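Analysis of the macromolecular model
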Amino acid sequence: MQITGTTPLDAGKQKARRAGAVMPSPRAFLLLWLPAILVAAAVLLPVVYLLIRASGAGDAVWATLLRPQTLTTIGNTAWLAFAVTLVSLLLALPLAWLTVRTDLPLRRLWTVLTPLPLVIPSYVGAFLYASALGPRGLLQGWLETLFGITRLPDIYGFPGALLVLSLLNYPYMLLVLRAALQRVDASQEEAARSLGHGAWSAFWHVTFAQLRPAIASGGLLVALYVLRDFGAVAVMRYTTFTRAIYIQYQSALDRSTAAVLALMLIVFTLLVLVLENRARGRVYQLSSASGGRKPPVVRLGRWRWPALLFCAAVVFLALLLPAGVLLYWLVRGWAAGQVVGNLGPLAWNSVLASGLGALAVTLAALPVAYLLVRRPGKVTNLLGGVTNLAFALPGIVIALALVFFGANYALTFYQTLPMLVLAYLILFLPQAVATVRTAFLRIPPQLEEAGRSLGQGPLGVLRRVTLPLLSPGIGAAAALVFLTAMKELPTTLLLAPIGFRTLATNVWTMINEAFFARAAAPALLLILASSVPMAIMVLREEKES
């Protein structure tokens, strides 16, 4: 059963609300609109910085826009974002279905292992894949010893960027799809089967249709991550907007041209958001909490072994291979007599900054997500678009914008932990909003109206109805932000307090100076520290389902 209509509000009031003609109450303004507006204002700070910088480019703006290299960059960025999103869907959808709906052997183990590649930073992953699968990598060395093969095909460029970003980012879509599949109502599939639909037809017309919001939200997370990623494309030497912007900032020292390119990236992101909004549609889903029955376990039969092989292959390529290469460099370092220093302070700084960032971003996402779902209209759509703009901004741009405003207007907060948390808020707000919004979409508004009809006030409905149903989405959003913040690099390098070093900055420093063996230990600790909360979150979700 799908509720394709809207809330039971009368049509006239709803039309006026969409047009923005209904004024919010003072309490709603203070609790919802004011926090959401402040969050949007924070997100717009880097945009204001870019406009100031771009205004200094003069006539060079048009030369930048029309030059062939810019058109090539646009094509590269669009093609990579589309290809990574498609590959992520092809990996995540069967993995989610196998680990949620079937009797897959070792299903609980695959449930924990398949999302873990998300904890590997893209710059570390790109380096590991290049050192293992590159033309003169570890694999080539073994093949030369065994079979005399002297060179493997080049993985640099688009193939390498596609491989790294797909294998490390499909968990974004997997987590969202798993949460959606766990709340699919079995009665809808049974109704389709009773009307003569086969298993595949019922899945396509009923289950897949219910997954549309999750696919759109997960695809948005993957596509926006690709648009802003710098580490993987830099190591793989594939020029997208972020690499072009970085070259302008660091090599050409031309911040005006870099600002123009960054503004073009924002326009590009707006097009992605429009496509995501059309693909998602307006579909409310009934959750299991609303009375829907949990679907029965699907027996794989003779397909269980191919399914097992598929899961094992994905886990090997996305998790075991990079972890094995890290262990190789660690053992090689120990054999060479290198001493691993005290990593405790680095780990504590990483957990502290990421934990504060996850708390701030999740709290900031709640009013925005609520308004997007429960108060749809032109104003809230604009609000959602503004918050999602942050995912199009490279970390270095956000960092430089906050350095500019901190040094000129907020010197007290310059290079402090609150300034770093603010940068995390701007960086990771879109993924928290997308996750919480998907959780809101699964809560039928009739449940909240039923609570109000039983005498509960707005806060009572929020405490007794909305938050319990929303808690899995809140936990998933906080975990995603924490994991992403743990491996974040450019803003941490530029905005962290003096002497405040994290695991990510230490790994980057070691790799940048070609001390690969020294980078292995903090990189492994970074992955392990991120894996523990990730595994706990997945197991808790599995238990609750």
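What you see is a predicted model, and the numbers here were worked out from it, not measured in a lab.

**Things to note about the overall build of the protein**
The number of helices and strands found in the protein is 24 helices and two strands. Considering the protein as a whole, with its 545 residues, one finds that 55% of them fall into the buried category. Long-range contacts, defined here as pairs at least 24 residues apart, represent 83% of the contacts in the protein between residues at least 6 apart. Of the roughly 23800 Å² that the protein leaves accessible, carbon and sulfur atoms contribute 68%.

**Some details on the packing of aromatic side chains**
In this structure the tally under the stated criterion is 10 aromatic pairs. Of the aromatic side chains, those joined through ring pairs into one cluster are Trp79, Phe82, Phe158 and Tyr238. The ring centre of Trp305 lies 5.3 Å from the NZ or CZ of Arg304, which sits over that ring.

**Looking at the nonpolar core**
One broad rule of soluble globular proteins: the nonpolar side chains tend to lie buried together. With 171 residues, the main nonpolar core has Leu50, Leu80, Leu177, Met236, Leu420, Leu429 and Met534 as its most contacted residues. At 17 residues, the largest contribution of residues to this core is made by helix 19 (residues 417-441).

**Considerations on a nonpolar patch on the surface**
Taken together, Phe29, Leu30, Leu31, Leu34, Ile37, Leu38, Leu459, Leu462 and Leu467 make up a surface patch of nonpolar side chains, about 800 Å² in accessible area. Among the secondary structure elements, those contributing two or more residues to the nonpolar patch are helix 2 (26-55) and helix 21 (458-486). For the nonpolar patch, the element with the highest residue contribution is helix 2, accounting for six residues. Within the fold, Leu38 resides in helix 2. Residue class for Leu38 comes out exposed when judged on its relative accessible area of 56%.

**Examining unusual backbone geometry**
At Leu106, a residue that is not glycine, the phi angle is positive and equals roughly 60 degrees. Relative to the assigned elements, Leu106 resides in the loop between helix 4 (68-101) and helix 5 (107-113). Judged by relative accessible area, which is 56%, Leu106 ranks as exposed. Even without glycine at this site, Arg237 takes up a positive phi of about 60 degrees. Inspection of the secondary structure puts Arg237 in the loop between helix 12 (231-235) and helix 13 (241-250). Given a relative accessible area of 53%, Arg237 falls into the exposed group.

**Examining the environment of Asn76**
Turning to its location among the elements, Asn76 is positioned in helix 4. In this structure the C-alpha to C-alpha distance between Asn76 and Thr239, which are 163 residues apart in sequence, comes to 6.9 Å. Look past the residues within four positions of Asn76 in its chain and what remains in contact with it is Tyr238 and Thr239.

**Digging into the environment of Leu227**
As for its placement among the helices and strands, Leu227 is situated in helix 11 (residues 212-228). Taking the C-alpha atoms as reference, Leu227 lies 8.4 Å from Ala78; in sequence the two are 149 residues apart. Sequence-distant contacts of Leu227, that is, excluding residues within four places in its chain, are made with Thr77, Ala81, Thr242, Leu265, Phe268, Thr269 and Val272.

**Some thoughts on the environment of Arg53**
Here Arg53 shows up in helix 2. Residues Arg53 and Ala259, spaced 206 residues apart in sequence, show a C-alpha to C-alpha distance of 6.0 Å. Not counting residues up to four positions away in its chain, the partners in contact with Arg53 are Arg255, Ser256 and Ala259.

**Things to note about the packing of helix 20 (residues 445-453) against helix 21**
Following both chains from N to C, one finds helix 20 and helix 21 inclined at 160 degrees, their axes separated by 9 Å at the closest point. Classified by the angle their axes make, helix 20 and helix 21 are roughly antiparallel. Crossing geometry of helix 20 relative to helix 21 is assigned as right-handed. Contact residues: helix 20 offers Leu447, Glu448, Gly451 and Arg452, while helix 21 offers Val461, Val465, Thr466 and Leu469. Class assignment of the residues belonging to the contact of helix 20 with helix 21 gives a composition of four nonpolar, two polar and two charged.

**Digging into the side chain of Thr484**
Inspection of the secondary structure assignment puts Thr484 in helix 21. The class for Thr484 is buried, based on a relative accessible area of 6%. Within the structure, the side chain of Thr484 is placed 3.5 Å from the side chain of Tyr172, a separation counted as a polar contact. If we skip the residues at most four places from it in the chain, Thr484 touches Tyr172, Phe428 and Gln431.

**Quick look at the packing of helix 16 (residues 344-374) against helix 17 (residues 378-389)**
At a minimum axis separation of 9 Å, helix 16 and helix 17 run at an interaxial angle of 140 degrees. For the element pair helix 16 / helix 17, the angle class is oblique. Where helix 16 crosses over helix 17, the two elements pack in a sense that is left-handed. On the side of helix 16, the interface is formed by Val368, Leu371 and Leu372, while helix 17 contributes Thr380, Asn381, Leu383, Gly384 and Thr387. A per-class count over the contact of helix 16 with helix 17 returns four nonpolar, four polar and no charged.

**Details of the confidence of the model for the protein**
Confidence along the protein averages 81 in pLDDT terms, with 88% of residues attaining 70 or more. Contacts of residues 283-291 to residues separated by more than four positions or lying in other chains number 27 contacts, the stretch itself having pLDDT below 50.

So, how was this worked out
- As a convention, each chain's residues are numbered from 1 in the sequence order in which they are written.
- Note on the predicted model: pLDDT of at least 70 is required for a residue's local features to be given, and 80 or more for side-chain atom pairs to be given and counted; whole-chain, interface and lining totals, by contrast, use all residues.
- Note that water and hydrogens are dropped before the side-chain values are worked out from all heavy atoms of the structure.
- Under the scheme used here, helices are H or I runs from DSSP no shorter than 4 residues and strands are E runs no shorter than 2 residues, and both carry numbers assigned from the N terminus.
- For each residue, the accessible area found with a 1.4 Å probe, counting protein chains only, is set against the maximum for its type, and the residue is called buried under 20%, exposed over 50%, and partly exposed in between.
- A contact between two residues is defined here by any heavy atoms of the two lying within 4.5 Å.
- Accessible areas in this description were obtained via Shrake-Rupley with a 1.4 Å probe; residue shielding takes into account the shown protein chains only.
- When two rings of Phe, Tyr or Trp (its six-membered ring) have centres within 6.5 Å they constitute a pair, described as stacked for plane angles under 30 degrees, edge-to-face for angles over 60, and tilted for the intermediate range.
- Only lysine NZ and arginine CZ atoms are considered, and such an atom sits over a ring when it is within 6 Å of the ring centre and within 35 degrees of the ring normal.
- We call a set of buried Ala, Val, Leu, Ile, Met, Phe, Trp, Tyr and Cys residues a nonpolar core when their side-chain atoms join them within 4.5 Å.
- Nonpolar side chains (Val, Leu, Ile, Met, Phe, Trp, Tyr) within 5 Å and like charges within 9 Å form the patches, drawn only from residues with over 30% relative accessible area and no salt bridge.
- We define a salt bridge as a side-chain nitrogen of Lys or Arg found within 4 Å of a carboxyl oxygen belonging to Asp or Glu.
- Interaxial angle, 0 to 180 degrees, is taken between N-to-C directions of lines fitted to C-alpha atoms, where a helix line uses only the stretch in contact.
- Note on angle classes: values under 35 degrees are labelled roughly parallel, values over 145 roughly antiparallel, values of 65 to 115 roughly perpendicular, and the remainder oblique.
- For a crossing to be left-handed, the near helix must be turned anticlockwise from the far one by less than a right angle; the clockwise case is right-handed.
- Note on residue categories: nonpolar means Ala, Val, Leu, Ile, Met, Phe, Trp, Tyr, Cys or Pro, charged means Asp, Glu, Lys or Arg, and polar means any other residue, Gly included.
- N or O atoms closer than or at 3.5 Å make up a polar contact, with two conditions inside protein: a donor-capable atom paired with an acceptor-capable one, and, for residues adjacent in sequence, both atoms drawn from side chains.
- A score between 0 and 100, pLDDT records how confident the predictor is in each residue.

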